[in-house]
Amino acid sequence: MGAPHNIKRYGEVWPEFRIRYGLDILEKLKRKVIVSGGWAWHFMSEAGHMEYKHAHDHKDIDVFVQKENVTEVVIILQQEGFQKVWTRYDHLPSEENFRRYEKTVEMENGKSHRITIDFFEKDDLETIETNGFTVVRPPVLLSFYRNIHSSDKCWAVTAAKELLEKGIDPVGHPKLSEIPK
């Protein structure tokens, strides 16, 4: 589970390049993947929302891929310069057949930026369509914060829990991307 937030840092935003690079690869994969984690909350949020660091976790990109699409997704990733990266989780048995792909991008300022995609195989996920992307259905996504995702203190996660408990659909709700009061 994620560490408690330092509320003095509320208001910090993700760098524009991180969002741009994430959207670029997700646009290429969107017909073949189911978006999860922070990027799923991103797509469930209102269009044009502020990219606060504590609202959605954009450190990596979490996707689920149905078995029939795995080969095609791997080919797209390789064509885009992503390479398989070995992790400590690769040898562990799992229903999701986890793998990680990374790409390092040289930026205009001479620095580099690593894009990480955590890739899980799964065929039977409940999904919704939102803002042009297929994402994990909110109640199912919330259940992943016990074992797959770790940023359970993000504003979107806590807001979605509260909204669902009240019987309110969190998709498109402003609370998914606003600073808590």
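Residues numbered from 1 in each chain as written. Predicted model: local features only at pLDDT ≥ 70, side-chain atom pairs only at ≥ 80, totals over all residues. Heavy atoms only, no water.

## Digging into unusual backbone geometry
Then comes step 1: Even without a glycine there, the phi angle at N131 is positive, about 50°.
Then comes step 2: Among the structural elements, N131 can be located in the loop between β6 (127–130) and β7 (133–136). (Helix = DSSP H or I, 4+ residues; strand = E, 2+ residues; numbered from the N terminus.)

## Quick notes on the packing of aromatic side chains
Then comes step 1: Counted under the stated rule, the structure contains eight aromatic pairs.
Then comes step 2: Ring geometry for Y52 against W155: centres 5.5 Å apart, planes inclined by 55°, an arrangement best described as tilted. Taken as a pair, Y52 in the loop between α2 (37–44) and β2 (61–65) and W155 in helix α5 (residues 155–165) lie far apart in primary sequence, 103 residues in all. The residues Y52 and W155 share a single accessibility class, namely buried.
Then comes step 3: Both rings, one in F64 and one in F144, keep their centres 5.3 Å apart while their planes meet at 40°; by these two values the pair is tilted. Here F144 lies in the loop between α4 (138–143) and α5 and F64 lies in strand β2, a separation of 80 residues in the sequence.
Then comes step 4: Take F144: its relative accessible area is 8%, and that puts it in the buried class.
Then comes step 5: Among the aromatic residues, ring-to-ring pairing joins F64, F98, F120 and F144 into one connected group.
Then comes step 6: When the ring centre of Y21 is taken as origin, the NZ or CZ atom of R20, which lies over that ring, is 5.0 Å away. (Phe/Tyr/Trp six-rings, centres within 6.5 Å; stacked < 30°, edge-to-face > 60°. Buried < 20%, exposed > 50% of the residue type's maximum accessible area, 1.4 Å probe, protein only. Lys NZ or Arg CZ within 6 Å of the ring centre and 35° of its normal.)

## A closer look at the packing of helix α1 (residues 16–29) against α2
Then comes step 1: At their nearest, the axes of α1 and α2 sit 12 Å apart, and the two run at 90° to each other. When the interaxial angle is binned, α1 and α2 end up roughly perpendicular. Packed against α1, whose contacting residues are R18, I19, G22, L23 and L26, the element α2 presents W39, H42 and F43 at the interface.
Then comes step 2: The residue makeup of the contact of α1 with α2, split by class, is five nonpolar, two polar and one charged. (Axes fitted to C-alpha atoms, helices over the stretch in contact; angles between N-to-C directions. Parallel < 35°, antiparallel > 145°, perpendicular 65-115°, else oblique. Contact = heavy atoms within 4.5 Å. Nonpolar A, V, L, I, M, F, W, Y, C, P; charged D, E, K, R; others polar.)

## Structural notes on the nonpolar core
Then comes step 1: Ranked by size, the top nonpolar core spans 47 residues in total, and within it V35, W41 and L77 carry the most contacts.
Then comes step 2: Not counting the four nearest positions on each side in its chain, W41 is found in contact with H56, P138, L141, L142, Y145, A156, V157, A160 and L176. (Core = buried A, V, L, I, M, F, W, Y, C linked by side-chain atoms within 4.5 Å.)

## What about the pattern of salt bridges?
Then comes step 1: Taken as a whole and judged by the stated rule, the model has 12 salt bridges.
Then comes step 2: A salt bridge links R99 to E121; the nearest nitrogen and oxygen atoms lie 2.2 Å apart. In this pair, R99 sits in strand β4 (residues 99–106) while E121 sits in strand β5 (residues 112–121), placing the two residues 22 residues apart along the sequence. Just as R99 is buried, E121 falls in that class too.
Then comes step 3: A salt bridge links E102 to R114, with the shortest nitrogen-to-oxygen separation between them at 3.6 Å. (Salt bridge = Lys/Arg side-chain N within 4 Å of Asp/Glu carboxyl O.)

## A look at the side chain of H113
Then comes step 1: Mapped onto the elements, H113 comes out in strand β5.
Then comes step 2: Residues within four places of H113 in sequence aside, it is in contact with F17, R18, Y21, K103, T104, V105 and M107.

## So, α5
Then comes step 1: Those residues of α5 that sit buried are W155, A156, V157, A159, A160 and L163.
Then comes step 2: Buried residues along α5 sit in contact with α2 and α4.
Then comes step 3: The first or second residue beyond α5 is G167, which carries a positive phi of 80°.

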